[in-house]
Amino acid sequence: MTQALRSGGQILVDALKIHGVDIAFGVPGESYLDVLDALHDSDIRFIINRQEGGAAFMAEAYGKMTGKPGICFVTRGPGATNASIGVHTAYQDSTPMILFIGQVGSDFMDREAFQEIDYRRMYGQMAKWVTQIDRADRIPEYLARAFQVATSGRPGPVVLALPEDMLITKAATPDARRYQPVQASPSAAQIDTLRAMLAEAKRPMVLLGGATWTAQACADLAKFAEANHLPVGCTFRFQDLLDNAHPNYVGDVGIGINPKLAARVKNADLVIAIGPRLGEMTTSGYSLLSSPVPQQRLVHIHCDAEELGSVYQAELMINSGAPHITSMLAAMAPVDASAWKGSVLEARAELAAWQESPPIFKDGKAPLNLWQLVQELMAQAPKDTIITNGAGNYATWAHRYFRYGGMRTQLAPTNGAMGYGVPAGIAAKIIDPSRTVVTFAGDGEYLMNGQELATAVQYKVGVIIIVFNNSMFGTIRMHQERDYPGRVSGTTLANPDFAALAKAFGASGEVVETTAQFAPAMERALAHTRAHSMPAVIELRYDGNLITPGATLETIRNNALANK
Ligand SMILES: Cc1ncc(C[n+]2csc(CCOP(=O)(O)OP(=O)(O)O)c2C)c(N)n1
Ligand SMILES: [Mg+2]
């Protein structure tokens with residue numbers, strides 16, 4: 001059969017369609033005009049961003065939400081460097097993503113031509129696979145492999161450089177077939193061993209996290225936890241893998257962990273970790289489990305064989321994707337749970353106490369009660385609302401007090417990247433317009449990718465953005481007061497009027513300074529996004545002294561001074 005001649009750009013876009021791509025994000029460049037031209041007649045939605053950091057974060061959020069690779073197109077040099085934050089996030093968060101970079105043509109290559117970078121070197125440590133496609137006739141092969149690599153084993157980012165002359169070369173080449181993600185499954189013997197270890201335990205604990213989860217895997221996990229009366233904690237920023245209202249959910253094992261929950265993990269005699277890497281944020285700096293040999297018996301289940309045993313020498317290591325292990329655990333005959341049955345109720349009570357109104361608001365003097373605000377948000381927003389955030393102390397109000405409604409209600413970067421919340425929120429609403437999406441953003445966070453509000457307006461995206469304006473890079477200020485009390489350096493911010501700024505973009509904007517103002521502002525934001533399918537911004541202006549639910553900046557400073 002003779003093949004029609006197609007340009008490299010056309011072969012590439014045809015391959016994207018074969019692999020099921022419906023949306024791509026990016027910022028255009030003259031380096032990949034032929035791809036832009038092929039997109040013109042495709043049914044792929046190409047969302048144009050205002051900065052490549054925003055585009056890469058949107059693609060990453062797409063990967064997190066759908067489990068399919070998020071697609072991002074950027075230009076060479078400056079475009080590729082801007083996009084790197086999203087690639088790093090996808091790497092640390094194990095998110096499938098493919099970044100395409102328009103590259104210098106082979107006629108100029110290796111002369112340090114305009115905007116030229118060797119992406120294999122630049123992205124070497126940050127991506128699962130980085131390469132350059134030098135022949136148009138091999139595009140189908142490269143793309144098939146890119147989708148395969150991004151989604152199989154431990155998912156992650158792939159970077160493909162596209163030399164300009166290659167994209168305009170015409171080739172007659174057959175297309176590939178659609179990729180098939182590959183995951184390992186546990187053996188029946190491994191499930192038997194796990195069951196025997198569980199039967200011997202007195203204080204077992206389950207930790208969930210990582211990639212490859214599906215709604216069915218979450219449902220199977222819940223079934224396993226219920227049948228065996230197991231307390232389940234969710235690791236750092238994977239807090240939505242079990243509905244937080246579920247009777248077996250006992251809290252998030254991440255930054256600012258409930259000390260009672262930390263003690264439970266530490267004192268457990270068996271930890272069954274399903275999916276997480278057991279990283280620094282999850283283990284409270286590798287202290288909840290000791291390395292290399294944990295004090296608890298450990299069953300570690302991970303989708304990457306090489307992750308197993310890399311920090312923790314688990315007694316039982318199982319290489320498996322989340323759906324593969326959870327379907328077997330759901331079918332496993334339950335063990336006698338009488339030794340720990342009561343501990344789930346105890347842990348639930350500890351979680352309830354941890355989520356009560358914190359002492360910082362007890363005197364009633366703070367004009368804006370951020371705890372009350374989260375309660376109000378939960379009262380008004382539907383159960384499947386998606387909450388997004390980046391890095392900063394404001395995120396604590398979501399992580400600690402918001403009750404996430406289950407699989408995929410949280411989009412947040414485990415690599416602690418500031419600037420994630422706004423693009424992730426916009427992407428989530430583009431991917432599923434039926435869901436309510438609320439972004440939490442600090443004042444520092446917001447302006448790292450606040451330009452994407454223009455993207456939200458351009459594409460009529462009804463996301464709600466709550467800006468926590470404390471006029472500072474609060475997290476760093478908190479560390480500063482702890483370690484260098486009273487010496488404020490490089491952490492103070494003078495901000496624009498965020499509500500006025502939002503209106504200038506074409507969004508709605510309101511300022512909230514008291515607790516009473518929030519409920520009606522939230523009602524108006526929800527109504528605005530629903531009626532007009534346009535973004536709404538609520539700026540919370542509050543005293544920077546309210547830095548954590550547990551302590552004010554003043555207390556932190558005074559304690560540090562007293563201990564000097
Ligand atoms: C891209 C990036 N730059 C810098 C940091 C370091 N950092 C972590 S939190 C933070 C301050 C966040 O400020 P803001 O968004 O205002 O939140 P707040 O802590 O004040 O609530 C900084 C600078 C980071 N995590 N990511
Ligand atoms: Mg701040």
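These numbers were taken from a predicted model, which means no experiment stands behind them.

**Q** In this structure, what is going on with the overall build of the protein? I would like to understand it.
**A** Counting its secondary structure elements, the protein contains 21 helices and 20 strands. For 564 residues, the compact-globule estimate of 2.2 N^0.38 gives 24 Å, and the C-alpha radius of gyration of the protein, at 24 Å, lies within 12% of that figure. Dimensions along the principal axes, computed over C-alpha positions, put the protein at roughly 70 × 60 × 50 Å. Residues counted as buried form 59% of the 564 residues belonging to the protein. Partitioning the contacts of the protein with sequence separation of at least 6, the portion at a separation of at least 24 is 77%.

**Q** Just checking my understanding: could you explain helix H6 (residues 139-151) for this structure?
**A** For an α-helix, the turn length of 3.6 residues means that residues three or four places apart are oriented alike. With 13 residues, H6 ought to run about 18 Å at 1.5 Å a step, and its terminal C-alpha atoms sit 18 Å apart, in line with that. Taken as a whole, H6 has its buried residues at Ile139, Pro140, Tyr142, Leu143, Ala144, Ala146, Phe147, Ala150 and Thr151. Those residues of H6 hidden inside the fold are in contact with helix H1 (8-18), strand S4 (70-74), strand S5 (97-103), strand S6 (129-132), strand S7 (157-163) and helix H7 (164-168). Just past H6, the residue Gly153 takes up positive phi, approximately 55°.

**Q** Before we go on, may I ask you to explain the site of ligand 1 in this structure?
**A** Taken together, 17 residues lie around ligand 1, and Asn393, Gly416, Asp443, Glu445 and Gly474 are the ones closest in. Take Gly416: an N or O atom from its main chain is 2.9 Å from a nitrogen atom of ligand 1. Among the secondary structure elements, those contributing two or more residues to the shell around ligand 1 are helix H16 (443-449) and helix H18 (474-483). Here the shell around ligand 1 takes four residues from H16, the largest share from any one element. For the shell around ligand 1, the residue count by class is seven nonpolar, eight polar and two charged.

**Q** Can you walk me through the coordination of the magnesium ion (ligand 2) in this structure?
**A** In an ideal tetrahedron of four donors about a metal, each angle is 109.5 degrees. In an ideal octahedron of six donors, the angles are 90 or 180 degrees. Protein-derived ligands of the magnesium ion (ligand 2) are Asp443 (OD), Asn470 (OD1) and Met472 (O), with the metal-ligand distances lying across 2.0 to 2.2 Å. Taken in chain order, the donor set of the magnesium ion (ligand 2) reads D-x26-N-x1-M. With Asp443 in helix H16 and Met472 in the loop between strand S18 (464-469) and H18, this residue pair connects regions lying 29 residues apart in the sequence. Overall, Asp443 belongs to the buried group, its relative accessible area being 2%.

**Q** What is the right way to look at helix H2 (residues 33-40) in this model?
**A** Buried within H2 we find Asp34, Val35, Ala38 and Leu39. Take H2 and look down its axis: the buried residues cluster within an arc of 145°, on one side only. Looking at H2, the residues exposed on the side facing more than 90 degrees away from the buried face are Leu33, Asp37 and His40. For H2, the elements touching its buried residues are strand S1 (6-7), H1, strand S3 (45-48), S4 and H7.

**Q** Hey, could you run me through the pattern of salt bridges in this one?
**A** Pairing between side chains of opposite charge can happen when the charged atoms of each approach one another. If you walk through the whole model with that rule in mind, you get 23 salt bridges. We note a salt bridge from Asp243 to Lys383, for which the minimum N-O separation is 2.5 Å. Within this pair, whereas Asp243 is found in the loop between strand S10 (232-235) and strand S11 (249-253), its partner Lys383 is found in the loop between helix H13 (370-380) and strand S15 (386-389), the two being separated by 140 residues in sequence. On the basis of relative accessibility, which here comes to 51%, the residue Lys383 falls in the exposed class.

**Q** It is not clear to me how the sheet that holds strand S9 (residues 204-208) should be interpreted in this structure. Could you clarify?
**A** The strands making up a sheet associate through hydrogen bonds between their backbones, and the pairing can be parallel or antiparallel. Spatial ordering of the open sheet is given by S11-S10-S9-S12-S13-S14, a layout of six strands whose pairing is parallel. Strand pairing shows two members of the sheet lacking a second neighbour, S11 and strand S14 (316-319), which therefore form its edges. Pairwise comparison of adjacent strand axes, ignoring direction, gives a mean angle of 20° for this sheet. Note that S10 and S11 share four bridges and pair parallel. Across the sheet, residue Thr235 finds its bridge partner in S11, namely Val253.

**Q** Would you mind showing me how to read the side chain of Ser7 here?
**A** Here Ser7 shows up in strand S1. Judged by relative accessible area, which is 11%, Ser7 ranks as buried. With residues near it in sequence (within four places) discarded, Ser7 still touches Asp34, Leu167, Thr169 and Lys170.

**Q** How do you make sense of the pairing of S9 when you look at a structure like this?
**A** Note on strand geometry: in a regular strand, side chains alternate between the two faces of the sheet. Of all five residues making up S9, five are buried, and the element is well covered by its neighbours. In S9, alternate side chains face the same way, and those of Pro204, Val206 and Leu208 on one face and Met205 and Leu207 on the other are all buried. The pairing of S9 with S10 spans three bridges and is parallel. Following the sheet pairing, Leu208 is matched in S10 by Cys234. Crossover S9 to S10 through helix H9 (residues 215-228) is right-handed.

**Q** Teacher, can you tell me more about the packing of H18 against helix H21 (residues 553-562) here?
**A** Packed helices, taken two at a time, are described by the angle their axes make and the gap between the axes. The N-to-C vectors of H18 and H21 enclose an angle of 25°; their axes lie 7 Å apart at closest approach. With respect to their mutual orientation, H18 and H21 come out roughly parallel. Between H18, through Arg477, Met478, Glu481 and Arg482, and H21, the contact on the second element is made entirely by Leu553, Ile556, Arg557 and Ala560.

**Q** Which parts of the structure should I look at to understand the packing of helix H8 (residues 188-200) against helix H11 (residues 322-331)?
**A** As a packed pair, H8 and H11 sit with axes 11 Å apart at the nearest point and diverge in direction by 60°. As judged from the angle between their axes, H8 and H11 are oblique. Regarding H8 and H11, the two cross each other, and that crossing is right-handed. Contacts from Ala188, Ile191 and Leu194 of H8 reach H11 at Ile325, Met328 and Leu329. Residues of the contact of H8 with H11, tallied by class, amount to six nonpolar, no polar and no charged.

**Q** Can you walk me through the nonpolar core in this structure?
**A** Inside soluble globular proteins, nonpolar side chains tend to come together where they are buried. By size, the foremost hydrophobic cluster in this structure holds 50 residues, and its most contacted members are Phe25, Leu99, Tyr123 and Tyr446. Ranked by residues supplied to this core, first place goes to helix H3 (residues 52-66) with eight residues. Setting aside chain neighbours within four positions, we find Phe25 in contact with Phe46, Ile47, Asn49, Ala55, Met58, Ala59, Tyr62, Ile71, Cys72, Phe73 and Ala427. Grouped together as the second largest cluster of nonpolar side chains are 36 residues, Ala217, Cys218, Leu241 and Leu329 included.

**Q** Is there a simple way to think about the environment of Gln51 in this case?
**A** With respect to the element layout, Gln51 can be found in the loop between S3 and H3. Separated by 31 residues in the primary sequence, Gln51 and Asn82 have C-alpha atoms spaced 7.3 Å apart. Setting aside chain neighbours within four positions, we find Gln51 in contact with Val27, Asn82, Gln451 and Glu452. A distance of 2.4 Å separates a polar side-chain atom of Gln51 from the backbone nitrogen of Gly53.

What counts, and at which threshold
As a convention, each chain's residues are numbered from 1 in the sequence order in which they are written. For this description, chains carry letters from A and ligands carry numbers from 1, given in the order in which they are written. Per-residue local features are limited, in this predicted model, to residues with pLDDT of at least 70; the limit for side-chain atom pairs, both in listing and counting, is 80 or more; totals at the level of whole chains, interfaces and linings are taken over all residues. With hydrogens and water set aside, each side-chain value is computed from the structure's full complement of heavy atoms. The numbering of helices and of strands both runs from the N terminus, where a helix is a DSSP run of H or I of at least 4 residues and a strand a run of E of at least 2. Put simply, the radius of gyration uses C-alpha atoms, and a globule should come to 2.2 Å times the residue count raised to 0.38. Each residue gets one of three labels from its accessible area relative to the maximum for its type: buried under 20%, exposed over 50%, partly exposed in between, using a 1.4 Å probe on protein chains only. Here, two residues are considered to be in contact whenever any of their heavy atoms come within 4.5 Å of each other. A helix's residues, less one, multiplied by 1.5 Å, set its expected span. Summary of the distance rule: residues count as near a molecule or strand when at least one heavy atom falls within 4 Å of that molecule or strand. In protein, a polar contact means a hydrogen-donor-capable atom and an acceptor-capable atom, both N or O and within 3.5 Å, with residues adjacent in sequence counting only if both atoms are side-chain atoms; elsewhere, any N or O pair within 3.5 Å suffices. Here the term charged refers only to Asp, Glu, Lys and Arg, the term nonpolar to Ala, Val, Leu, Ile, Met, Phe, Trp, Tyr, Cys and Pro, and the term polar to all other amino acids, Gly among them. Water is absent from the atoms considered, so a metal site may look incomplete; donors are defined as N, O and S atoms within 2.8 Å of the metal, or 3.2 Å for Na, K and Ca. When we speak of the arc, we mean the arc of directions from the helix axis to the C-beta atoms. A pairing counts as a salt bridge when a side-chain nitrogen of Lys or Arg comes within 4 Å of a carboxyl oxygen of Asp or Glu. Any two strands are treated as partners once DSSP identifies two or more bridges connecting them. Fitted lines through C-alpha atoms serve as axes, helices being fitted only where they are in contact, and the angles separating the N-to-C directions of these axes extend from 0 to 180 degrees. Consider the strands pointing away from the viewer: the crossover is right-handed when the path from the first strand over the helix to the second runs clockwise. The cut-offs work like this: below 35 degrees is roughly parallel, past 145 is roughly antiparallel, 65 to 115 is roughly perpendicular, and the gaps in between are oblique. By definition, turning the near helix anticlockwise from the far helix through less than a right angle yields a left-handed crossing, and turning it clockwise yields a right-handed one. Side-chain atoms within 4.5 Å are what join buried Ala, Val, Leu, Ile, Met, Phe, Trp, Tyr and Cys residues into a set we call a nonpolar core.

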